[in-house]
Amino acid sequence: MPYLFGGLVVLNAVVLSYYLFLKPPSTSISVKQAQAAITQPIDFSNSAADIPPPIGSQK
């Protein structure tokens, strides 16, 4: 019985390492459609100047 458990642990480690490190990632159809739909980058505006000062500090 310990050999069976040890064998399953080793098999699990082999399969997990295959899917994590060796198998190339595949993109689904919905991911490809979303990537194709993104044509404009999102504009970023810094709003740090609009944040009020912490309570107790003077500005």
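Before any of the text, the structure's been laid out above.
Definitions and cut-offs
Residues numbered from 1 in each chain as written. Predicted model: local features only at pLDDT ≥ 70, side-chain atom pairs only at ≥ 80, totals over all residues. Heavy atoms only, no water. Helix = DSSP H or I, 4+ residues; strand = E, 2+ residues; numbered from the N terminus. Rg over C-alpha atoms; globule rule 2.2 N^0.38 Å. Buried < 20%, exposed > 50% of the residue type's maximum accessible area, 1.4 Å probe, protein only. Areas by Shrake-Rupley, 256 points an atom, 1.4 Å probe, with all protein chains shown as cover. Phe/Tyr/Trp six-rings, centres within 6.5 Å; stacked < 30°, edge-to-face > 60°.

Moving on, we get to the overall build of the protein. Secondary structure summary: the protein contains 2 helices and 0 strands in total. For the protein, whose C-alpha radius of gyration is 25 Å, the value lies well above the compact-globule estimate of 10 Å for 59 residues. Seen through its C-alpha atoms, the protein measures out along the principal axes to roughly 70 × 40 × 15 Å. Split into buried and exposed, the 59 residues of the protein put 0% on the buried side. Approximately 6,200 Å² of the protein is accessible, and the part contributed by carbon and sulfur atoms is 67%.

Moving on, we come to the packing of aromatic side chains. Within this structure, the stated rule accounts for 1 aromatic pair. On the numbers, 5.2 Å between centres and 75° between planes, the contact of Tyr18 with Tyr19 is edge-to-face.

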